[in-house]
Amino acid sequence: MKKIISALILIFSVNANSVVVEDVKISQLYIQSQNGSSAHALRVNKAIDSSCNGRVYIEFADSGLLSTLLAYKLADKEFDLMYQTGQPSTLIWGHLNASCRLFSVY
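Draft legend 1. Main features of the nonpolar core. Formed by 20 residues in total, the largest nonpolar core has its most connected members in Leu 42, Leu 69, Phe 79, Leu 81, Tyr 83, Leu 102 and Val 105. Within the residue set of this core, elements represented by two or more residues are β1 (18-24), β2 (26-30), β3 (39-44), β4 (56-59), α2 (63-75), β5 (79-84) and β8 (101-105). When residues of this core are assigned to their parent elements, the largest contribution, four residues, is made by α2. Leu 102 has contacts with Leu 42, Val 56, Tyr 57, Ile 58, Asp 62, Leu 65, Leu 69, Leu 81, Met 82 and Tyr 83, leaving out every residue within four places of it along the chain. Ala 39, Ala 41, Ile 92 and Ala 98 belong to the second largest nonpolar core, which has seven residues in total.

Draft legend 2. Just the confidence of the model for the protein, in detail. Per-residue confidence for the protein gives a mean pLDDT of 87; residues scoring 70 or more make up 85%. Between the elements of the protein, mean pLDDT differs from a low of 53, seen in helix α1 (residues 2-12), to a high of 97, seen in β5. For residues 10-15, every residue scores under 50 in pLDDT, and the model assigns this stretch six contacts once sequence neighbours within four places are set aside.

Reading the values: rules and limits
Every chain begins its residue count from 1, and numbering advances along the sequence as written. Owing to the predicted nature of the model, reporting of local features is limited to residues with pLDDT of at least 70; listing and counting of side-chain atom pairs is limited to 80 or more, with chain, interface and lining totals taken over all residues. Remark: hydrogens and water are excluded; side-chain values derive from all non-hydrogen atoms of the structure. For this analysis, a nonpolar core means a set of buried residues of the types Ala, Val, Leu, Ile, Met, Phe, Trp, Tyr and Cys, connected via side-chain atoms within 4.5 Å. Type-normalised accessible area, obtained with a 1.4 Å probe on protein chains alone, sets the label of each residue: buried when under 20%, exposed when over 50%, and partly exposed for intermediate values. Put simply, DSSP H or I for four residues or longer makes a helix, DSSP E for two residues or longer makes a strand, and each gets a number counted from the N terminus. When checking whether two residues touch, look at their non-hydrogen atoms; a contact exists if any pair is within 4.5 Å. Note on scores: pLDDT gives the predictor's confidence for each residue, bounded by 0 and 100.

Listed below in structure tokens is the structure:
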């Protein structure tokens, strides 16, 4: 069922550069200060697009998304995620400039 939903989301997505990665676990969750950084970041245990430098970013305004990720990390549970490549470059201070934005976990 998850695969069908993921396929439908991609088919009807307005943005052609959306990527779905299924059954991931959090390798590292980078919680950043808004002083000097533009976003939080996430690294998962599966490969993501090579343009992402191994991480996707989470905008500070996406507090619900960040809370959900924290819950998945504490529960050590697998989940699926969707992100977009080719987004405007965002500074994850102390790590890198990222251009892959996380926008959904389920």
